[in-house]
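Listed below, chain by chain, are the residues.
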Amino acid sequence: MQNIIYINHKRYLTLWMLFILTSSQLMADTTTEVKKEPWQLAAETEVWSPVPAPVTTPINGAPSDAIVLFDGKNLNQWQGAEGNAARWKVKNGALTIVPNTGSIKTKNSFCDVQLHVEWMMPTKISDHDGKILEGQARNNSGIFLQEQYEVQVLDSYQNKTYANGQAGSIYKQSIPLVNASRAPGQWQTYDIIFSAPLFDAVEKLIKPARITVLHNGVLIQNNFEIEGSTTWIGKPAYKAHGCAPLLLQDHGDAVSFRNIWIRKL
Ligand code: MG
């Protein structure tokens, strides 16, 4: 009798455990079966921080977080390339090279930057004897990032020269993708994104510089890997340096500049 009761009890227990197992399985199934609404699924990939800082962008003006290097009034941000006073001429909101007074550079140093520069070629394209200036001689200047890496400034409107030396070239290193030059006497723009090179403790290059350039809004250099400091003769090579000034080249021609601003990246 006791045995029968025991067996029944055992059976009862087994059944009960089976019931628990099945119902928990069912419960688990119903949990996974809860369908999310599309907005809930969409929310799973939304990222709400960090929040980008607001920047105001006036038409034809510098963004609110830019450092204005030339606002048409003075040369307060500039000095001569040798640390002397800058001697270029400020007139009617423009900065014009006084030929052979020397290149100028910013008083501050920069590393990774976004740079905006407007420049204009003189309409005079002949020398004192009336001979038409050609090639590199037709109103040459340059924008040197970190005093080393030149984005060529030249009158390349209907003026042939070596392609890796025309306006918008990374001088002697990279030909611009197209020639977006405007005629002399018209303002032109460069928008430049520059990543500075990195050197290790023993001055070995660990990351080359990179540069993207838009000329009058047109992409002409697309993330080009710079090969070293700009050189007129021979192959470019890197020499270690830290953050450094922006330099505008005096190549002996009265090229004008305006609206120069820079953003540290
Ligand atoms: Mg030049």
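Computed from a predicted structure; not experimentally measured. (Residues numbered from 1 in each chain as written. Predicted model: local features only at pLDDT ≥ 70, side-chain atom pairs only at ≥ 80, totals over all residues. Heavy atoms only, no water.)

(A) Main features of the overall build of the chain. When its secondary structure is counted, the chain shows two helices and 15 strands. Taking all 265 residues of the chain together, the buried fraction comes to 38%. Intrachain contacts of the chain at a sequence separation of at least 6 include 64% that bridge at least 24 residues. Accessible area of the chain: about 16000 Å², with a carbon and sulfur share of 57%. (Helix = DSSP H or I, 4+ residues; strand = E, 2+ residues; numbered from the N terminus. Buried < 20%, exposed > 50% of the residue type's maximum accessible area, 1.4 Å probe, protein only. Contact = heavy atoms within 4.5 Å. Areas by Shrake-Rupley, 256 points an atom, 1.4 Å probe, with all protein chains shown as cover.)

(B) Quick look at the coordination of the magnesium ion. Protein coordination at the magnesium ion: the donors are Asn140 (OD1), Ser141 (O), Glu150 (OE), Gln152 (OE1) and Gln249 (OE1), at 2.2 to 2.4 Å from the metal. On the primary sequence, the residues serving as donors to the magnesium ion are separated as N-S-x8-E-x1-Q-x96-Q. (Donors = N, O, S within 2.8 Å, 3.2 Å for Na, K, Ca; no water.)

(C) How the structure looks around the environment of Pro236. Its location among the elements puts Pro236 in the loop between strand S13 (218-225) and strand S14 (247-248). Owing to a relative accessible area of 16%, Pro236 belongs among the buried residues under this scheme. It is 9.8 Å that separates the C-alpha atoms of Pro236 and Tyr149, two residues lying 87 residues apart in sequence. Not counting the four nearest positions on each side in its chain, Pro236 is found in contact with Gln173, Glu227, Gly228, Ser229 and Thr231.

(D) Here's a closer look at unusual backbone geometry. The omega angle of the peptide bond from Ser49 to Pro50 is 5°, so this bond is cis rather than trans. Relative to the helices and strands, Pro50 resides in the loop between helix H2 (38-43) and strand S1 (67-70). Look at Asn92: it is not a glycine, yet its phi comes out positive at around 50°. Here Asn92 shows up in the loop between strand S3 (89-91) and strand S4 (94-96). The phi dihedral of Asn223 falls on the positive side, at around 55°, and the residue is not glycine.

(E) Representation of the pairing of strand S12 (residues 210-215) within the structure. Pairing of strand S9 (residues 187-195) with S12 involves six bridges; the strand directions are antiparallel. Bridge pairing links Phe194 to Ile211 in S12. As paired elements, S12 and S13 share five bridges and run antiparallel to each other. Within the sheet, the bridge partner assigned to Leu214 lies in S13 and is Leu219. (Pairing = 2+ DSSP bridges.)

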